[in-house]
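Take a look at the letters that make up each chain.
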Amino acid sequence: MDPAPHKKGLSDEDRLKLAAQLDKDLDAFINSLEKKRYTEGWPEDRWEEEMAKHPFFMNRSPEPGEELSPLMEGLQQLKYDPLENTEQELADTYKEDGKFYMQHRKFRMAVLSYTEALRYKVGDAEYKAILYNNRSAANYLLKNYRTSLQDAQKALQLKPDYEKARLRAAQCASALDRFELCIELCDAFLQTNPTDASAIELRKTCVARKQKQQRDERKAAQKEREREAQLQRTHEELRKRAVKFEEPDALSDEQKLRPRLAPLEDFMVNADADGVLHWPAVFCYPEFHTTDFQQQLSEDTRMDQVLDLLFEEPLECDKDRAYRTSTVAVYYENRILGKAYPVNVAKTIQQIVAEKTFTVFQGTLTFYVLVKGSSHEDSFINQTRIPLKREF
């Protein structure tokens with residue numbers, strides 16, 4: 001049998017020619033392909049924005065109401081779909097959401113997540129206690145102390161030895177100034193955690209605040225008793241003097257005795273320990289349409305002494321320096337009678353108020369000051385006044 005013919009190998013020159021031909025054929029094949037731009041990827045001008053919407057690359061959770069990408073919406077449907085998950089799985093999902101939001105300080109979202117988890121009737125008492133305690137923590141950080149306390153107490157009902165919930169309840173009670181409850185909760189907590197520094201300090205602070213509150217309440221009560229005693233003393237002195245008021249029920253309704261003018265509203269007529277009345281008073285200057293106020297005018301003071309005080313410094317509007325004690329006349333009006341009456345400036349305030357025609361309106365003494373013999377005095381005296389037609 002003849003031996004098989006020996007196959008001749010490629011020379012280096014042939015290999016180079018073959019490689020060049022293959023390169024040429026590949027280029028021709030590539031050039032023969034259809035020229036088409038790839039449009040399925042992210043646009044070049046906003047690829048970072050699109051990438052941030054992808055669930056694998058997003059660096060923040062979507063805000064409530066924010067439009068979701070189709071992929072994210074699909075994933076959420078899988079995560080929260082009751083047809084794809086058991087109630088326990090859904091509760092666990094919302095519980096984990098709450099934990100995530102707490103870690104990122106989105107406490108309102110955490111409250112919503114724990115509330116959703118509690119909607120499902122799953123888990124044992126301890127599981128629900130954890131959910132209530134976690135929601136309590138979120139509400140506490142939102143300063144919803146009343147709601148936080150309620151959740152912490154529910155957690156304790158479900159798990160009586162839940163010390164974390166007990167301490168949270170104590171913190172809420174302190175924030176709500178419920179000192180007795182706070183101390184009670186701290187005492188119970190310290191029975192099992194006797195060296196806990198935060199509970200010891202909370203109890204100490206609460207005791208101090210309770211003592212301060214009690215002191216303040218005692219002071220307020222004493223002040224109210226003194227106010228009532230002074231009001232009673234004032235009423236007695238007003239009745240003794242038979243002071244006439246435009247308001248017939250002024251002595252039975254404290255608001256009718258309280259001045260309405262802003263500079264006087266905190267200075268109601270009052271009788272001191274010696275039975276001397278101190279009145280709020282307004283002095284009107286019809287010529288200038290301005291007023292002066294005396295907040296506590298003693299009834300023992302004579303009217304000329306009051307004028308001396310008023311004119312110690314000249315009135316700013318009195319350019320002619322016409323207003324002096326010796327040059328002015330003082331009047332008061334009786335609105336019930338519709339008349340104006342002159343004041344004897346040598347009399348005391350008590351004597352003036354005791355005049356049969358003098359009346360008090362809104363707990364305030366009102367006087368009118370004009371230059372004697374002036375046209376403004378004449379106009380004031382002769383102006384038309386309509387009587388209120390009231391009887392004493």
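About the thresholds
Residues numbered from 1 in each chain as written. Predicted model: local features only at pLDDT ≥ 70, side-chain atom pairs only at ≥ 80, totals over all residues. Heavy atoms only, no water. Buried < 20%, exposed > 50% of the residue type's maximum accessible area, 1.4 Å probe, protein only. Helix = DSSP H or I, 4+ residues; strand = E, 2+ residues; numbered from the N terminus. Pairing = 2+ DSSP bridges. Contact = heavy atoms within 4.5 Å. Expected span 1.5 Å × (residues − 1).

A. Region of the structure containing the pairing of strand S2 (residues 277-285). Of all nine residues in S2, nine are buried, a share of seventy percent or more. Side chains Leu277, Trp279, Ala281, Phe283 and Tyr285 project from S2 onto one buried face, and the interleaved His278, Pro280, Val282 and Cys284 project onto a second face that is buried too. Looking at chain direction, strand S1 (residues 270-271) and S2 are connected through two bridges and run antiparallel. Looking at S2, one finds that Ala271 is bridged to Leu277. Turn length for the S1-S2 hairpin, with the two strands adjacent in sequence and antiparallel, is five residues, and the turn residue Gly275 shows positive phi of about 85°. For S2 and strand S3 (residues 290-298), the ladder comprises seven bridges, and the chain directions are antiparallel. Across the sheet, Trp279 pairs through a bridge with Leu297, a residue of S3. Hairpin remark: S2 followed by S3, antiparallel, with four residues in the connecting loop; positive phi at His289, about 55°. As paired strands, S2 and strand S6 (residues 365-371) are joined by four bridges and run parallel to one another.

B. Broad picture of the environment of Leu264. Along the polypeptide, Leu264 turns up in the loop between helix H11 (254-257) and S1. A residue is classified by how much of its surface remains accessible, and Leu264, at 0% relative accessible area, is buried. Expressed as a C-alpha distance, the spacing of Leu264 and Gly363, which sit 99 residues apart in the sequence, is 9.9 Å. If sequence neighbours within four positions are ignored, Leu264 has contacts with Pro259, Pro280, Ala281, Phe293, Gln294, Gln295 and Thr364.

C. Region of the structure containing helix H8 (residues 163-175). The end-to-end C-alpha distance of H8 is 19 Å, a good match for the 18 Å that 13 residues give at a rise of 1.5 Å each. Judged by how many residues are buried, H8 sits mostly within the fold: 10 of 13 residues are covered. Buried residues of H8: Glu163, Ala165, Arg166, Leu167, Arg168, Ala169, Ala170, Cys172, Ala173 and Ser174, and no others. Looking at the buried positions of H8, the neighbouring elements they touch are helix H6 (125-141), helix H7 (145-158), helix H9 (179-192) and helix H10 (197-241). After H8 finishes, the residue Asp177 shows a positive phi value of roughly 60°.

D. Fine view of H10. In this model H10 runs 66 Å from its N-terminal to its C-terminal C-alpha over 45 residues, within 8% of the 66 Å that 1.5 Å per residue would give. Within the sequence span of H10, burial applies to Ala199, Leu202, Cys206, Lys210, Leu231, Thr234, His235, Glu237 and Leu238. Structurally, H10 contributes buried residues whose contacts are with H8, H9, H11, S1 and S2. Phi turns positive, to about 55°, at Ala242, one or two residues after H10.

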